[in-house]
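Residues per chain are reported as follows:
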Amino acid sequence: MPPSSSSTPGILATIMAVFRQNRVPCLVLNAFAVALVVSYYQVPALAGFWESVGAFKTRWDFAFSCVSTMFAAALMPTGIQRIMGTLPKDGGGKRLLLLMLFWGYRGMEIDLFYHFQTWLFGDAHDAATLVKKVLVDQFVMSPIWFVPTYVIALRWVEQGGSWKRTRPTLDHEFWTRTCPTVLITNWLVWIPALALVYSLPAALQFPLFSVVMCFFILVVTVMTQRDGK
């Protein structure tokens, strides 16, 4: 059955609510990312630190992307939730393991995509190159792959790693409301953030991504728990 015409206003209302809820962390997040990029280009002492981080990333390559994303997106928010006493009482260990498996893989996948972008468009930092990379990232890969698989994976985690229980939840509402809403939220956060990420040398792009991811999930985790009180 085709969706009713009332579904469009409902989606728009949801998107506006997402924007209002996330505008502060988005602004804080991107101000933080700007400060990090400026520190690389304008503060010699910190530039040396970032160069050492880049060398470390180059040495460990995909092992770095795997471990850093596990920490930023799985271990850290789980630790914050444990401190705040909001973790589910049952199945916490399995949930953490599933999150680590997914984010470890996703980190390597994103790192590989950054390598592909550098191969495809080069490593220049001019406006035209940055625009191409952000457009492909956010308007090709995100709606086709990154966002849908991310939301499906989170549902799979919440269902205890059971695809049998996950599959029925991927219904019409999932594809017409949940995914578009998450995609809009993703754009609000990552379009400006990725312009900063891609402005750095290739060796530093994933380290900055990891820091931004860590900071964003920390803010969102704290705000979500605070709003839920």
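Residues numbered from 1 in each chain as written. Predicted model: local features only at pLDDT ≥ 70, side-chain atom pairs only at ≥ 80, totals over all residues. Heavy atoms only, no water.

## Describing the overall build of the protein
Helix and strand counts for the protein stand at eight helices and zero strands. For the protein, the succession of helices and strands along the chain, N to C, is α-α-α-α-α-α-α-α. Evaluated residue by residue, the protein yields a buried proportion of 43% over its 229 residues. Taking the contacts inside the protein whose residues are at least 6 apart along the sequence as the reference set, 75% of them involve residues at least 24 apart. A total of about 12,400 Å² of accessible surface is found on the protein, and carbon and sulfur atoms cover 71% of it. (Helix = DSSP H or I, 4+ residues; strand = E, 2+ residues; numbered from the N terminus. Buried < 20%, exposed > 50% of the residue type's maximum accessible area, 1.4 Å probe, protein only. Contact = heavy atoms within 4.5 Å. Areas by Shrake-Rupley, 256 points an atom, 1.4 Å probe, with all protein chains shown as cover.)

## Quick notes on the pattern of salt bridges
Oppositely charged side chains can pair when the atoms bearing their charge come close. Summed over all chains, the structure comprises four salt bridges. Residues D61 and K57 are paired through a salt bridge, measuring 3.4 Å at the closest nitrogen-oxygen approach. Connected through salt bridges with shared partners, the residues K57, D61 and D111 form a single ionic network. (Salt bridge = Lys/Arg side-chain N within 4 Å of Asp/Glu carboxyl O.)

## What about the UniProt feature "transmembrane region" (unreviewed entry) in the protein?
Those residues carrying the UniProt feature "transmembrane region" (unreviewed entry) are residues 24-42, 62-84, 136-157, 178-198 and 204-223 in this numbering. As a span, residues 62-84 carries 100% helix and 0% strand, and end to end its C-alpha atoms are 32 Å apart. Between the first and last C-alpha atoms of residues 178-198 the distance is 28 Å; the span itself is 95% helix and 0% strand. (UniProt positions renumbered as here; feature names shortened; annotations may be inferred.)

## Some remarks on the packing of helix α4 (residues 92-121) against helix α5 (residues 127-158)
Here α4 crosses α5 at 165°, and the two axes come no closer than 11 Å. One element, α4, and the other, α5, form an angle in the roughly antiparallel class. In the packing of α4 onto α5, the handedness of the crossing is right-handed. (Axes fitted to C-alpha atoms, helices over the stretch in contact; angles between N-to-C directions. Parallel < 35°, antiparallel > 145°, perpendicular 65-115°, else oblique. Left-handed = near helix turned anticlockwise from the far one by under 90°.)

## Quick look at α4
Along its 30 residues, α4 runs 42 Å from first to last C-alpha, staying within 8% of the 44 Å computed at 1.5 Å per residue. A positive backbone phi angle near 90° is found at G122, which sits one or two residues after α4. (Expected span 1.5 Å × (residues − 1).)

## Some thoughts on the packing of aromatic side chains
Under the defined criterion, the tally for this structure stands at 16 aromatic pairs. For the pair Y114 and Y198, a centre-to-centre distance of 5.4 Å together with 65° between the ring planes defines the contact as edge-to-face. Within this pair, whereas Y114 is found in helix α4, its partner Y198 is found in the loop between α7 (172-197) and α8 (202-227), the two being separated by 84 residues in sequence. For the residue pair Y114 and Y198, the accessibility class agrees, reading buried in each case. (Phe/Tyr/Trp six-rings, centres within 6.5 Å; stacked < 30°, edge-to-face > 60°.)

## Some remarks on helix α3 (residues 62-84)
Over its 23 residues, α3 extends 32 Å from the first C-alpha to the last, a length consistent with the 33 Å expected when each residue adds 1.5 Å. For α3, the principal kink sits at F71 and spans about 40°. Once α3 ends, the next one or two residues include G85, with phi positive near 70°. (Bend = angle between axes of the 7 residues up to and from the residue.)

## Description of the side chain of S210
Relative to the assigned elements, S210 resides in helix α8. Using a relative accessible area of 9% as the deciding quantity, one classes S210 as buried. Excluding residues that lie within four positions of it along the chain, S210 makes contacts with F64, S68 and A72.

## A look at the environment of L188
Considering the arrangement of structural elements, one finds L188 in helix α7. With 165 residues separating them in the primary sequence, L188 and R23 have C-alpha atoms 8.0 Å apart.

## Examining the nonpolar core
If you look at the biggest cluster of nonpolar residues, it comprises 44 residues, and the most contacted ones within it are Y114 and W190. For this core, the secondary structure elements donating two or more residues are α1 (7-42), α2 (44-60), α3, α4, α5, α7 and α8. No other element matches α8, which puts nine residues into this core. With sequence-adjacent residues up to four places away left out, Y114 is seen in contact with D137, L194, V197, Y198, Q205, F206 and F209. Membership of the second largest hydrophobic core comes to seven residues, among which are V151, L170, C179 and L183. (Core = buried A, V, L, I, M, F, W, Y, C linked by side-chain atoms within 4.5 Å.)

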